[in-house]
Amino acid sequence: MSTLVEINFDGLVGPSHNYAGLSLGNLASAKHGGSVSYPRAAALQGIGKMRHNMALGLVQGLLCPLPRPNHGFLGALGIAEPADETERRLRAAAWSASSMWTANAATVSPAPDTADGRCHLTAANLVTMPHRSQEWPDTVRQLRLAFADSAHFAVHDAVPACFGDEGAANHMRMATSHAAHGLEIFVYGKHTKDSGGGAFPARQHEQASRAVARLHGLDPARCLFVEQSGEAIAAGAFHNDVVAVANERVLFTHELAFADPEGTYAAIRAALPEAEIVIVPASAVSLADAIASYLFNAQLLTLPGGEMGLVIPLEAWEHPAVRAWLDGMLASNGPIRRVLPVDVRQSMANGGGPACLRLRVVADPATVDPRFLLTEARADMLEKLIAKAWPEQIDPADLGRDSLAASVIAARAALLDALDLSALA
Ligand code: SUG
């Protein structure tokens, strides 16, 4: 009997969580740049979401924040004390808590899809955004601890930096069940004006996706490489998971997510005849409303009873057009039977919804290092630690202050100590 289940590894929000407006093309990040952030509240909201999903009967994992401020990054840029606005932005990059969005940590191909029958993970190089480009070496160290069991996992370094890779945020997997051989769908963007894009960067390069598929030993007949619509990128869908999400046989998508929607749906149906595609038309929810509310940045989960639930941000639930569409969907006989709103407002203000905050890994939980799995008791312990050690608030003008750096470093050290993960220090 298969023991493979989907485990969601949420990124714990780091103590340096701040709003520096670093992500071009991410409208929420730009809008909140310069605002005061609340790291303690942000981290507690994250734990709240993890608890919410555990209470549904699901296995919950967690990944730790990376070391910040990253003095190595600033040193490599020759910055000691910033002299101008550009250098101040680079300093803010060294403080970013962006590793909380673990959907960008890696791309994951579960064991049933790969040639050697192991679950493969490739760390994402995240090269398009300077503040995210520093993540992967520390991320890969952490993945190699969490998934150290080489009989079941293979963890790869990031693909070369000439090809931008944003990890699972541009990757969807469809299958009749998590444990079945899946169809892996890689979504990439193009920079060209012809595809409607250009104002904002297309962060995922096709050749990065193809490299990941090769590294993971995927069957080319069970892979699709699909172009994201330039219109979606231009509207602020800097990752595909802002406009589409898949789970098992269901794809939930905005009608303007892909450059060739009909061709994409036909290719999915040809590869997976059981596929059900739930399309939200722009006439019901405009691209702008979808992106502002993060309706699609949802966790589409198979609940223990077998039905599917959609964990959405409160912002989507409170949005009139989105709510009207969701009410209609629930009243219909569609495959998504429950809508479950959660409060992750602090992360949302930087463009990270429920789906950004988690990395999905289909695996037997017994093969994962237990230090990366959450229990109620550990959640209690983490809440106490965060309440004590995480800064209550950060004004971006405070980035660079020695006293703030000391408290951020001490908070992470206390966390690693409590989780017996000081090896990551
Ligand atoms: O890469 N925001 C992240 C949000 C990532 C969301 N992830 C997914 N869609 N999977 C990003 O743009 C904001 C940082 C700042 O402005 O300080 C930031 O990095």
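For the structure itself, look to the data block above.
Keep in mind it's a predicted model, so treat the numbers as computed, not measured.

In the neighbourhood of the ligand, 22 residues make up the surrounding shell, with Leu 22, Ser 29, His 131, Asp 241 and Cys 356 lying closest. At 3.4 Å, a backbone N or O of Ala 20 approaches an oxygen atom of the ligand. Measuring from a nitrogen atom of the ligand, one finds a side-chain N or O atom of Asp 241 at 2.7 Å. Taken by itself the ligand offers 490 Å² of open surface, and the protein chains cover 99% of this. A molecule is said to occupy a pocket when more than half its atoms come within 2 Å of that pocket's grid points, and by this definition the ligand occupies the second largest cavity. Class assignment of the residues belonging to the shell around the ligand gives a composition of seven nonpolar, 12 polar and three charged.

Right, let's get into the pairing of strand 7 (residues 183-188). Counting buried positions along strand 7 gives six out of six residues, so the element sits mostly inside the fold. Every second residue of strand 7 is oriented toward a common face, with Leu 183, Ile 185 and Val 187 on one face and Glu 184, Phe 186 and Tyr 188 on the other, all of them buried. By the bridge criterion, four bridges tie strand 6 (residues 171-174) to strand 7 in an arrangement that is antiparallel. What sits directly across from Arg 173, in strand 7, is Glu 184. In this structure, strand 7 lies alongside strand 8 (residues 223-227), joined through five bridges in parallel fashion. If you follow Phe 186 over to strand 8, its bridge partner there is Phe 225.

Looking now at the sheet that holds strand 2 (residues 60-63). As summarised here, the arrangement of the three strands in space is 2-1-15, forming an open sheet in which the pairing is mixed. Each having just a single partner strand, strand 2 and strand 15 (358-363) make up the two edges of the open sheet. Taking each pair of neighbouring strands and ignoring which way they run, the sheet shows an average axis angle of 30 degrees. By the bridge criterion, four bridges tie strand 1 (residues 5-11) to strand 2 in an arrangement that is parallel. Bridging across to strand 2, Gly 11 finds its partner in Leu 63. Taken strand by strand, helix 2 (residues 39-55) contacts strand 1, strand 2 and strand 15, and its axis lies near 160 degrees from that of strand 2.

Each value, and the rule that gives it
Residues numbered from 1 in each chain as written. Predicted model: local features only at pLDDT ≥ 70, side-chain atom pairs only at ≥ 80, totals over all residues. Heavy atoms only, no water. Near = heavy atom within 4 Å. Polar contact = N/O pair within 3.5 Å; in protein donor to acceptor, adjacent residues only side chain to side chain. Areas by Shrake-Rupley, 256 points an atom, 1.4 Å probe, with all protein chains shown as cover. 1 Å grid on protein atoms, 1.4 Å probe; cavity = no way out; pocket = protein on both sides within 12 Å on 5 of 7 lines; lining within 4 Å. Sits in = over half its atoms within 2 Å of the grid points. Nonpolar A, V, L, I, M, F, W, Y, C, P; charged D, E, K, R; others polar. Buried < 20%, exposed > 50% of the residue type's maximum accessible area, 1.4 Å probe, protein only. Helix = DSSP H or I, 4+ residues; strand = E, 2+ residues; numbered from the N terminus. Pairing = 2+ DSSP bridges. Axes fitted to C-alpha atoms, helices over the stretch in contact; angles between N-to-C directions. Contact = heavy atoms within 4.5 Å.

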